[in-house]
Structure formats: C-alpha cells, structure tokens
Amino acid sequence: MATRIAHRADWDAPAEDVYALLVDADHLDRRLKELGGNDPALLEHAVDDSGARLRFRHSVPVEFLPSVIRRFTGDDLVLDRVETWRPRDGGGYDGTFEVTVRGLPGRLSGTQTLTDTGGGSVTQVDGEASVTVPMVGGRIEGIVTDQVGGLLDAEDEFTRRRLAQR
C-alpha cells in the first residue's frame, strides 16, 4: 500500500522568478551544501527553453534514522532524486519528481506544479511513496515521506532566503 505525500509552498515572487532560482545550478549547489547531508551532489543539470531535468543526491545522516530504516540502508539514508520541469502554455510550470532510496525496494514519485497567484506564486507537490517490504513497508513509507516532507520545507526556506537577496 502506498503512502501519499502532498506539499505546498507559497512564494512572494512570480512563478518565472521562482523557477529561475529552482533550476539555477549555483542555487542548487548551495542548497545541497547546506541541506544535502553527507556527500551531496548535483549530478545532472540540463536547462533550456523547453524546460529542465535535474538529478541530484542527498542524504539523511544515519544518526537521525530509526532502526527499521538502518536495517536496510546500513548507513545514511541516501536519496537519488530526479526532477523535471516544463513551461505550461499560459504561464507557470509543470513537472515530475522521482526519488529512490538506496537500499530500500521502493520509490517516491509524483508531480509538481508552479503557478502564478494574485500576489506571487505557489508550488504544489503531489505523489506517493511505495516500499515493498512485507510487514514494515507502510512504516518505512511513513518515515520516508516524513523525511522528504521535512527536506522540502527546508529547501523552501532556503529558496525564500535566496529570493529575498535578489
């Protein structure tokens, strides 16, 4: 059984400005250095007029993980993440994301949108985690979605600080 994840962030800037920062290599490198745990890396950065494809690795240090996760990962919770974005006709951006966790049989995937609002913009992430481990899969899904939700909150705060500096 899959566990849903939903995340929303409101921005005091237009979607175009937020998107430009979200796909900026320097921004991503700085975000990974601050929030990426051990051995973070921007592994792919392809951005052009048709959209963006981003691939990166970050982790949650083992000391923050419950034993049920450590049993499978043995060490840090390493997240391999791929995001895509494409401009939407009429404004805004649509995308996808997929996260795999090394050592766990499963993934987290879904959609993401960035849309202008009256006074700024909003991002919406919707997806689900699926971990195919008998007996404890649902518990692991909950832990993974909690960790990813916390990471998204931290990334949003980092991006807000960067937007304020512009």
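Quick caveat: nothing in here was measured; it's all calculated off a predicted structure.

So, how was this worked out
Starting from 1, residues in each chain are numbered consecutively following that chain's sequence as written. At least 70 in pLDDT is required for a residue's local features to be given in this predicted model, at least 80 for side-chain atom pairs to be given and counted, and no such filter applies to totals for whole chains, interfaces and linings, which use all residues. Each side-chain value is derived from all of the structure's non-hydrogen atoms; neither hydrogens nor water enter the calculation. For each structure, a 1 Å grid was placed over the protein atoms alone; sets of points admitting a 1.4 Å probe that cannot get out are labelled cavities, open sets with protein on both sides within 12 Å along at least five of seven lines are labelled pockets, and lining residues have an atom within 4 Å of a point. Grid points are joined across faces, edges and corners, and a volume is the space filled by probe spheres set on the points. The way it works is that DSSP assigns letters per residue, a run of H or I at least four long becomes a helix, a run of E at least two long becomes a strand, and they are numbered from the N terminus. Classes in brief: Ala, Val, Leu, Ile, Met, Phe, Trp, Tyr, Cys and Pro nonpolar; Asp, Glu, Lys and Arg charged; the others, Gly included, polar. Between buried and exposed lies partly exposed: a residue is buried under 20% and exposed over 50% of the maximum accessible area for its type, with that area taken using a 1.4 Å probe on protein chains only. The pairing criterion is simple: DSSP has to find at least two bridges between the two strands. Comment: axis = line fitted to C-alpha atoms, over the contacting stretch for helices; angle = value between 0 and 180 degrees taken between N-to-C directions. Here, two residues are considered to be in contact whenever any of their heavy atoms come within 4.5 Å of each other. Angular relationships are summarised with four words: roughly parallel below 35 degrees, roughly antiparallel beyond 145, roughly perpendicular across 65 to 115, and oblique for the angles in between. Note on convention: near helix rotated counterclockwise from far helix by under a right angle means a left-handed crossing. Clockwise means right-handed.

Draft legend 1. Spotlight on the layout of surface pockets. Size it by volume and the largest pocket reaches roughly 170 Å³. Ranked by the residues each element gives to the lining of the largest pocket, the list is headed by helix α4 (residues 137–165), at 4 residues. Grouping the amino acids of the lining of the largest pocket by side-chain chemistry returns 7 nonpolar, 5 polar and no charged.

Draft legend 2. Inspection of empty space enclosed by the protein at higher detail. The tally for this structure, following the rule as stated, stands at 2 cavities of 30 Å³ or more. Taken as a whole, the largest cavity encloses approximately 300 Å³ of empty space. Lining the largest cavity are 23 residues; nearest its centre among them are Arg81, Glu83, Gln112, Leu152 and Glu155. Mapped onto the lining of the largest cavity, the elements with two or more residues apiece are β1 (3–11), β4 (77–87), β5 (93–101), β6 (106–116), β7 (121–131) and α4. A per-element tally of the lining of the largest cavity places α4 first, with 6 residues.

Draft legend 3. Molecular detail of unusual backbone geometry. One non-glycine residue, Asp39, lies in the positive phi region at around 60°. Tracing the sequence through the fold places Asp39 in the loop between α2 (25–35) and β2 (41–48). Looking at Asp39, the relative accessible area reads 56%, which means it is exposed.

Draft legend 4. Main features of the sheet that holds strand β3 (residues 51–60). Pairing within the open sheet is antiparallel, and its 7 strands lie in the order β1-β7-β6-β5-β4-β3-β2. Each of the sheet's edge strands pairs with one partner strand only, and the pair in question is β1 and β2. Taking each pair of neighbouring strands and ignoring which way they run, the sheet shows an average axis angle of 15°. Inspection of the sheet shows β5 paired to β6 by 8 bridges, in the antiparallel sense. Opposite Thr100, over in β6, you have Arg107 as the bridge partner. Across the sheet, helix α1 (residues 15–22) is in contact with β1, β2, β3, β4, β5, β6 and β7; its angle to β6 comes to roughly 140°.

Draft legend 5. How the structure looks around the packing of α2 against α4. Interhelical geometry of α2 versus α4 gives an angle of 130° and a closest axis separation of 11 Å. As judged from the angle between their axes, α2 and α4 are oblique. Seen along the crossing, α2 lies across α4 with a hand that is right-handed. Contacts from Asp26, His27, Arg30, Arg31, Glu34 and Leu35 of α2 reach α4 at Leu151, Ala154, Glu155, Phe158, Thr159, Arg161 and Arg162. Counted by class, the contact of α2 with α4 contains 4 nonpolar, 2 polar and 7 charged residues.

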